[in-house]
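# Results of the structural survey
The primary structure of each chain is shown beneath.
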Amino acid sequence: MNRSSPSLDTLFTWIRTESPTSDRAGVNLMMDLVVAQMQDVPVAVERIPGTDGLGDVLVLRAGPQTAEPGILVMSHLDTVHPVGTIESDLPLRIEGDRLYGPGIYDMKGGAWFCLEAFKDVARRGTAARPITFLVTPDEEIGSPITRPMIEDLGRRSAYALVTEPARDGGQIVTARKGVGRFDVHVEGRPAHAGSRHKDGRNAIYEAARQILAVEAMTDYARGITTTVGMVSGGTAVNTIPQHCRFPVDLRVETVADGEAVTAALLGLKPQNPDFRVSVTGGMNRPPYERSEATSKLFDHAKSLAAEIGFDLVSAPRAGGGSDGNFTAALGIPTLDGLGIDGDGAHTLQEYGLISSIAPRQKLMTRLLETLR
C-alpha cells in the first residue's frame, strides 16, 4: 500500500472524522463509517445505543454458524484529541512513510485495516471459527459501559485479538500492567489568610503531605508506579483553603500488588486530626499477564508473520492498559498490539507507518483463517 492507494482515502476520511470520547456525535459518525464498510458483505451488524452520554457500540459477526467458542476481535474508535486538533495542532499529512493525524496510531489505523481483514475473510468464507468483532466508544476512559460486554463475549471466546497499536518497531503485546484510578479529597478548615491565619487548616498543605506518601508507593523493581498528575484546591489567594482534591494513577504487574496498593491508598489517613482524608476508586483494569496459552498464540502469530515476510517480536510488558486486560484476566489467550506501527500516541506528533498496513492486515487475515 502506498500514499496514492485508493484504500488510503478511506482511512483519510476516518482520521478527518474527529471522535474524542466525550463527543458522542463524532464517535457515532465513526460507527456510521464502519457500518457502511460492512455493506454487501455477509456480516451481521448489531448496533447498541450508547449510555451515559457516550457513543454507540457495534457488534459484528461473521464466520461459521456454530456453537463452538469463537474469535473475539476488539477495536475502539474514540480518541483523546479534542475536536479541532486536525485543523490546528495535528493536521492530516504524509511525510515519507509517516501518516500524521489525530487517532491514526491509537487506534484508527489498526481498527480500519483489521476491519478490512475481517470483511475479506467474511466475504470469502474462510474463517476458522465464528468471529465477533466488537467496536467500542469508550476505551480511552476505561471502558465503563463496555466492560461487561467485553467480559461476556470473552467468556464465550477461544481467543481475543486486540487492534491497539504496535509497540516500538512493530512489536506485539502479550502482557500489560493493571491500571487503578483513585480520587483523594482532603478537607481542612477555612480562614482569612491575614487576620485569622492560625484558625485555618490548609487542605493543600495536608494534600501535599499525602501526595508525598502516594508517590513513595512507587516501586520500580516490582513494576509499581503511582502518579499524581493533577491537583485542585482553594478558592482565593487570601483564604486558607478548606478543600483540595487530586487523582491518583496506579500501574501494577500483578493482581496481588494491585490489591496491596489499593488497600494502602484507600487507607490514607491525615497526619493531623484537624483534617479529613477520603479516598474513592479502585482497579480499573486487571493486570494482563502472559499465560502459557497466550505464549502459544504468539508463537502461532510469529510463524504466520514469517510466512508473510516479517519478524514478529513480543514487546516487554506494556505500561498502558487496554480492553485486552479484561479478556486476559479471564484466562482467554489474548494477543494485543496487532494494529498499525508508528509512534506518538496521545501526543501532537502522532503518526502511523503506511508500510506497516499491508503486512499486518495479512497477519490479521491469516489469524482469522487459522486459529482453530
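Located above this text is the structure these notes cover.
## Focus on the side chain of Gln210
By secondary structure assignment, the location of Gln210 is in helix α5 (residues 203-215). On the accessibility criterion, Gln210 (2% relative accessible area) is buried. What Gln210 contacts, discounting residues up to four positions off in sequence, is Val186, Phe246, Leu268, Lys269, Pro270, Gln271 and Val277.

## Considering the environment of Thr294
Relative to the assigned elements, Thr294 resides in helix α7 (residues 292-308). Along the chain, Thr294 and Val83 lie 211 residues apart, while their C-alpha atoms are 37 Å from each other. Look past the residues within four positions of Thr294 in its chain and what remains in contact with it is Thr174, Ile332, Pro333 and Thr334.

## Considering the nonpolar core
Grouped burial of nonpolar side chains is what soluble globular proteins tend to show. Ranked by internal contacts, the top residues of the largest apolar core, which has 57 residues, are Leu11, Trp14, Leu60, Phe118, Leu161 and Leu368. Phe182, Val186, Val248 and Val279 belong to the second-largest nonpolar core, a separate cluster that totals 20 residues.

## Notes on the side chain of Arg285
Along the polypeptide, Arg285 turns up in strand β14 (residues 276-285). Only 2.9 Å separates the side chain of Arg285 from the backbone oxygen of Glu139, close enough to count as a polar contact. At a separation of 3.0 Å, a polar atom in the side chain of Arg285 contacts the side chain of Asp323. Residues contacting Arg285, with those up to four places away along its chain left out, are Glu139, Gly142, Ser143, Gly178, Val179, Gly321, Ser322, Asp323, Asn325 and Phe326.

## Quick look at the sheet that holds strand β5 (residues 98-100)
With respect to topology, 4 strands assemble into an open sheet ordered β4-β5-β17-β16, the strand pairing being antiparallel. Looking at strand neighbours, the two that pair on one side only are β4 (93-95) and β16 (342-343), the edges of this open sheet. Pairing of β4 with β5, which is carried by 3 bridges, proceeds in the antiparallel orientation. Across the sheet, Arg93 pairs through a bridge with Tyr100, a residue of β5. Contacts between helix α3 (residues 104-124) and the sheet are confined to β5, β16 and β17 (351-353), with β17 contributing the most and set at about 40° to the helix.

## Details of the sheet that holds strand β1 (residues 44-48)
Strand order in the open sheet made by the 6 strands is β1-β2-β6-β3-β7-β15, with mixed pairing throughout. Whereas interior strands pair on both sides, the edge strands pair on one side only; in this sheet they are β1 and β15 (334-335). Bridge analysis of strand β2 (residues 57-62) against strand β6 (residues 131-136) gives 5 bridges, and the strand direction is antiparallel. When the sheet's bridge partners are listed, Arg61 is paired in β6 with Thr132.

## Thoughts on the packing of α7 against helix α9 (residues 357-370)
The geometry of a pair of packed helices is captured by two quantities: the angle between their axes and the separation between those axes. Closest axis-to-axis distance for the α7/α9 pair is 10 Å, and the angle between their directions is 130°. Considering the angle they form, α7 stands oblique to α9. For the pair α7 and α9, the crossing hand works out as right-handed. Along the contact surface, α7 presents His300, Ala301, Leu304, Ala305, Glu307 and Ile308, while α9 presents Pro359, Lys362, Leu363, Arg366, Leu367 and Thr370. The residue makeup of the contact of α7 with α9, split by class, is 7 nonpolar, 2 polar and 3 charged.

Criteria and cut-off values
- Residues numbered from 1 in each chain as written.
- Predicted model: local features only at pLDDT ≥ 70, side-chain atom pairs only at ≥ 80, totals over all residues.
- Heavy atoms only, no water.
- Helix = DSSP H or I, 4+ residues; strand = E, 2+ residues; numbered from the N terminus.
- Buried < 20%, exposed > 50% of the residue type's maximum accessible area, 1.4 Å probe, protein only.
- Contact = heavy atoms within 4.5 Å.
- Core = buried A, V, L, I, M, F, W, Y, C linked by side-chain atoms within 4.5 Å.
- Polar contact = N/O pair within 3.5 Å; in protein donor to acceptor, adjacent residues only side chain to side chain.
- Pairing = 2+ DSSP bridges.
- Axes fitted to C-alpha atoms, helices over the stretch in contact; angles between N-to-C directions.
- Parallel < 35°, antiparallel > 145°, perpendicular 65-115°, else oblique.
- Left-handed = near helix turned anticlockwise from the far one by under 90°.
- Nonpolar A, V, L, I, M, F, W, Y, C, P; charged D, E, K, R; others polar.

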